[in-house]
Amino acid sequence: MDKYRLVEEKFIGSQGFIDDTKDTADVKHMGKVEAHCIVRITQQAKPRSCITTAMNMLASGKKYVELKAMGKAINKAVTIAEILKRKMPLHQITALSSCQIVNVYEPLEEGLDKVVNQHYVSCLTITLSTDLTGMDDHNIGYQPPLSLSEMQPGDFNAHPGKVVAAS
């Protein structure tokens, strides 16, 4: 591909997975308009910073947080979700999808044709919520919170009606 240059890259079906400038407004979640509670996880992201971000969102009074990952970052998102679930009782809904990536290459030399490369990438959304309000517990991807015996000691401080995040 030395004789080509990338002129266009399209992500089809990747709403919410790619950081768009038009995606910065409030979003409608579970029938209510709420501020963004999305943590986008990439291959380069440090798991500790993603965990801290999600814990701070939940500790600040947000009812849910969404972990979004594509491709090779999916295993990191699952690991982060499992760590978060062991720190506080969280309901989980997991959704899998895929998006199409189309790359268009233009030749640098005359006589060569334009090349279009298409491939699909897996996408994962994990929604973690402190309560069942607005969540469908009959969803195929639903997982209830872990029992208190499965949580790590010292990470969960039970206060009635209040979630306290430990770091």
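Counting starts from 1 at the beginning of each chain's written sequence and moves along it residue by residue. At least 70 in pLDDT is required for a residue's local features to be given in this predicted model, at least 80 for side-chain atom pairs to be given and counted, and no such filter applies to totals for whole chains, interfaces and linings, which use all residues. Calculation of side-chain values draws on the structure's entire complement of heavy atoms; hydrogens and water are dropped beforehand.

**Some details on the overall build of the protein**
Then, in step 1: Runs of H or I in DSSP of at least four residues are treated as helices and runs of E of at least two as strands, each being numbered from the N terminus. Along the protein, the regular secondary structure elements total 2 helices and 8 strands.
Then, in step 2: What you see in the protein, going N to C, is helices and strands ordered as β-β-β-β-α-β-α-β-β-β.
Then, in step 3: Contacts are assigned to residue pairs with any non-hydrogen atoms lying within 4.5 Å of each other. Within the protein, residue pairs in contact and separated by at least 24 positions form 76% of the contacts whose partners lie at least 6 positions apart.
Then, in step 4: For accessible areas, the Shrake-Rupley method is used with a probe of radius 1.4 Å. Any residue's cover is judged against the shown protein chains and nothing else. When the accessible surface of the protein is totalled, it reaches about 10200 Å², and 51% of it is carbon and sulfur.

**Some points on the packing of helix 1 (residues 47–59) against helix 2 (residues 74–87)**
Then, in step 1: At a closest axis distance of 10 Å, the pairing of helix 1 and helix 2 adopts a crossing angle of 50°. Considering the angle they form, helix 1 stands oblique to helix 2. As for the relative orientation of helix 1 and helix 2, their crossing is right-handed in sense. Here helix 1 contributes P47, C50, I51, A54 and M55 to the contact with helix 2, which in turn contributes K76, I80, I83, L84 and K87.
Then, in step 2: Nonpolar residues are Ala, Val, Leu, Ile, Met, Phe, Trp, Tyr, Cys and Pro. Charged residues are Asp, Glu, Lys and Arg, and all others, Gly as well, are polar. Class assignment for the residues of the contact of helix 1 with helix 2 results in 8 nonpolar, no polar and 2 charged. Think of each axis as a best-fit line through the C-alpha atoms, taken over the contacting stretch in the case of a helix, with angles from 0 to 180 degrees between the N-to-C directions. Here the angle decides the label: under 35 degrees means roughly parallel, over 145 means roughly antiparallel, 65 to 115 means roughly perpendicular, and every other value means oblique. The sense of a crossing depends on the near helix, which, turned anticlockwise from the far helix by less than a right angle, makes the crossing left-handed and, turned clockwise, makes it right-handed.

**Some words on the nonpolar core**
Then, in step 1: Grouping buried Ala, Val, Leu, Ile, Met, Phe, Trp, Tyr and Cys residues that are joined through side-chain atoms within 4.5 Å yields what is termed a nonpolar core. Accessibility here uses a 1.4 Å probe with only protein chains present; expressed as a share of the type maximum, an area under 20% marks a residue as buried, one over 50% as exposed, and anything in between as partly exposed. In this structure, V39, I41, V65, L67, I80, L84 and L128 are the most contacted members of the largest nonpolar core, which totals 25 residues.
Then, in step 2: Elements that contribute at least two residues to this core include exactly strand 4 (38–41), helix 1, strand 5 (64–70), helix 2 and strand 7 (115–129).
Then, in step 3: If you tally residues by element for this core, the top one is helix 1, at 6 residues.
Then, in step 4: One finds F17, M70, I101 and V121 within the second-largest nonpolar core, a separate group that totals 6 residues.

**Remarks on the environment of T52**
Then, in step 1: Relative to the elements of secondary structure, T52 occurs in helix 1.
Then, in step 2: Note: C-alpha distance between T52 and L84 (32 residues apart in sequence) is 9.4 Å.

**Details of the pattern of salt bridges**
Then, in step 1: Here, a salt bridge means any side-chain nitrogen of Lys or Arg that lies within 4 Å of a carboxyl oxygen of Asp or Glu. One pass over the full model with this rule turns up 3 salt bridges.
Then, in step 2: Of the charged contacts in the structure, one is a salt bridge between E106 and R5, with a shortest N-O distance of 2.7 Å. Of the two residues, E106 is situated in strand 6 (residues 91–107) and R5 in strand 1 (residues 4–12); the sequence distance between them amounts to 101 residues.
Then, in step 3: Owing to a relative accessible area of 44%, R5 belongs among the partly exposed residues under this scheme.

**Examining helix 1**
Then, in step 1: In this analysis, the expected span of each helix is defined as 1.5 Å times one less than the number of residues it contains. For helix 1, built from 13 residues, the straight-helix expectation of 18 Å at 1.5 Å per residue is met to within 8% by its first-to-last C-alpha distance of 18 Å.
Then, in step 2: Among all positions of helix 1, only C50, I51, A54, M55, M57 and L58 are buried. The buried residues of helix 1 occupy an angular sector of 160° when projected down its axis, which confines them to one face.
Then, in step 3: Summarising the contacts, the buried residues of helix 1 are in contact with strand 4, strand 5 and helix 2.
Then, in step 4: G61 lies just past helix 1 and shows a positive phi near 105°. Here the arc refers to the directions that run from the helix axis out to each C-beta atom.

**Quick word on the state of the cysteines**
Then, in step 1: Here, a disulfide means two cysteine sulfur atoms that sit within 2.5 Å of each other. In the structure shown here, the tally under the stated rule is 0 disulfides.
Then, in step 2: Looking at C99, it has no disulfide partner, and the nearest cysteine sulfur is the one in C123, 3.8 Å off.

**Topic: the confidence of the model for the protein**
Detailed reading of predicted coordinates is not advised where the pLDDT is low.
Then, in step 1: For every residue, the predictor reports its confidence as pLDDT, a number between 0 and 100. Model confidence for the protein is summarised by a mean pLDDT of 81, while 81% of its residues fall at 70 or above.
Then, in step 2: For the protein, the element scoring lowest by mean pLDDT is strand 3 (residues 32–34), at 44; strand 7 scores highest, at 94.
Then, in step 3: Segment residues 21–33 is flagged for pLDDT under 50; beyond a separation of four residues in sequence, or across chains, it makes 19 contacts in the model.
Then, in step 4: Counted against residues more than four places away or in other chains, residues 155–164, with its pLDDT under 50, gives 13 contacts.

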